[in-house]
Amino acid sequence: LDREEPHYFGAGPAILPTSVLQEAAYDLVSYLNEGLGVGEISHRSKPAMQIIDDTKANLAKLLDIPDTHETFFMQGGGTTGFSSIPYNLIANYAKKTGKVGRAAYAVTGSWSKKAAEEAERLGFDVDVVVNTKDIKFSDIPPYSEWKPIAENTSYLFVCDNETVDGNEFNDIPGPEYLPEGVELVADLSSNILSRKVDVSKYGLIMAGAQKNIGLAGLTIYIIKKSLLEQASDADLKALGVPLVPIAYQYPIVVKNNSAYNTIPIFTAHILKLVTGKLLEEGGLAKIQATDEKKASILYAALAKFPEFYILPVKNPRVRSKMNVVFRLPSAELDDQFVKEASAKGLNGLKGHRSVGGIRASMYNAVTLESVELLVKFVEEFGKTHA
Ligand code: PLP
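Fair warning: this is a prediction, and the values are worked out from it, not measured in the lab. (Residues numbered from 1 in each chain as written. Predicted model: local features only at pLDDT ≥ 70, side-chain atom pairs only at ≥ 80, totals over all residues.)

**Student:** An account of the confidence of the model for the protein chain is needed here, citing residue identities and associated values.
**Tutor:** Low pLDDT marks stretches whose predicted atomic positions should not be read closely. On average, the protein chain scores 96 in pLDDT, and the residues at 70 or more come to 100%. Our summary of model confidence lists the complex with pTM equal to 0.97 and ipTM equal to 0.99. (pLDDT = per-residue confidence, 0-100.)

Okay, here's the thing in structure tokens:
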């Protein structure tokens, strides 16, 4: 089984290393001489539990996850991830305080906007503490300009990297903004494992698997263990807090080592192979250096033609290293760029349908060589058309 190495910049699902796909393809047919493929074994069997444990161990090594935190997986993706958060965190707040907690959301792009709207739709008390929609998500204001966190707030939700809009936080709120006891909850769907993060500062990290880690089908959660305590159903009902659907109840999932219901074990196996490969290749320090180089050479090429390649994210400090978003002076030129790039084997560059333009997503499996080819094309196209 072989293929030509793709130069693919799609935003997700993303490409995976060919060697991982080849190994997984073999395992899909025959795994560990069990007479079965990896997707066919019971999700509660020993080999399946081993896959889950190995993936957790790989993630713990890569991200230096402290003992205060637990890693688990659930069926779903980013959307099921952010929908499940208010139920679980507010149930934890009720256990801690006997009160109904509020939820603070930073709206810095399309995904955090969706997450905030969903929490509100589900009936939770939501405070939007910053909203940059009016400036088209072109910057992330400093925390000193955000609304103060209201009393009785359980958590602050941020989307660390906004995949559609191309902005990314370059720090996290410290005690000068976040009152003690308010948990930081972050969606890292599109930048997990692209750089080091201090896991101890987060109450919860959530990420869909299908960009930097693997295939669609699973969401990764890294949660502070103290957040796994939840008020009883009776107490929640008395407070008027909605109950967590059982398959999404974090303590239940953790108690069952991520296999309370049928986990897509083939997807988990891919996560194990990808994280294992990242460790073999030098871990996060190495990945971070490559990802920073990829982003810096592409932004530098775009900056050579400033009136021609228009970057919607105005503040360079918050430009995403994963999803480089830009557009050309006309929609016709955008189309021509995508078409000519594709003729050179550079694919997946069309921007999200909601914003148009161009988007080059450069997740971990996109090689420096692919980005160098894109840089060359950006410069050639600029010279011809700018
Ligand atoms: N959050 C972020 C940052 C995303 O980029 C996406 C999808 O691109 C989602 C959430 C939603 O993910 P899913 O399609 O898995 O629900």
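Resuming the write-up.
**Student:** Break down the sheet that holds strand β3 (residues 102–107) for me, citing the residues and quoting the values.
**Tutor:** Pairing is mixed in the open sheet, where 7 strands are placed in the order β2-β10-β9-β8-β5-β3-β4. This sheet does not close on itself; its edge strands, each paired only once, are β2 (69–76) and β4 (126–131). Sheet twist, expressed as the average angle between the axes of neighbouring strands with direction ignored, equals 20°. In the sheet, β3 pairs with β4 via 5 bridges, with the strands oriented parallel. Directly across from A104, in β4, lies its bridge partner D127. (Pairing = 2+ DSSP bridges. Helix = DSSP H or I, 4+ residues; strand = E, 2+ residues; numbered from the N terminus. Axes fitted to C-alpha atoms, helices over the stretch in contact; angles between N-to-C directions.)

**Student:** Could you give an account of the packing of helix α8 (residues 283–303) against helix α10 (residues 368–385), with specific residues and numbers?
**Tutor:** Packing of α8 against α10 brings their axes to within 9 Å, and their N-to-C directions diverge by 5°. When the axes of α8 and α10 are compared, the pair comes out roughly parallel. On α10, the residues that touch T290, K293, K294, I297, L298, A301 and L302 of α8 are L368, V371, L374, V375, V378 and E379. Considering only residue class, the contact of α8 with α10 consists of 9 nonpolar, 1 polar and 3 charged. (Parallel < 35°, antiparallel > 145°, perpendicular 65-115°, else oblique. Contact = placed C-beta atoms within 7 Å. Nonpolar A, V, L, I, M, F, W, Y, C, P; charged D, E, K, R; others polar.)

**Student:** Lay out the pairing of strand β13 (residues 358–361) in plain terms, naming residues and giving numbers.
**Tutor:** The two faces of β13 match: I358 and A360 on one face and R359 and S361 on the other face are all buried. As paired elements, strand β11 (residues 323–326) and β13 share 4 bridges and run antiparallel to each other. Bridged to N323 within β13 is S361. (Buried ≥ 20, exposed ≤ 12 C-beta atoms within 10 Å, placed from the backbone.)

**Student:** How would you explain the nonpolar core if you had to name every residue and give the values?
**Tutor:** With 104 residues, the main nonpolar core has Y105, F157, L204, I220, Y221 and M362 as its most contacted residues. Each of domain 1 (25–279) and domain 2 (283–385) contributes no fewer than three residues to this core. In this structure, L204 is in contact with I85, E183, V185, Y221, I223, K224 and L227, ignoring residues within four places of it in sequence. (Core = buried A, V, L, I, M, F, W, Y, C linked by C-beta atoms within 7 Å. Domains from an automatic or database assignment.)

**Student:** Any chance you could break down the pairing of strand β9 (residues 204–208) for me, citing the residues and the numbers?
**Tutor:** Of all the 5 residues making up β9, 5 are buried; the element is thus mostly covered by neighbouring parts of the structure. Here β9 shows two buried faces, one formed by L204, M206 and G208 and the other by I205 and A207. In terms of strand pairing, strand β8 (residues 183–187) meets β9 through 3 bridges, oriented parallel. Across the sheet, the residue bridging to D187 is M206, located in β9. The pairing of β9 with strand β10 (residues 217–224) spans 5 bridges and is antiparallel. Bridging from a neighbouring strand, L204 pairs with I223 of β10.

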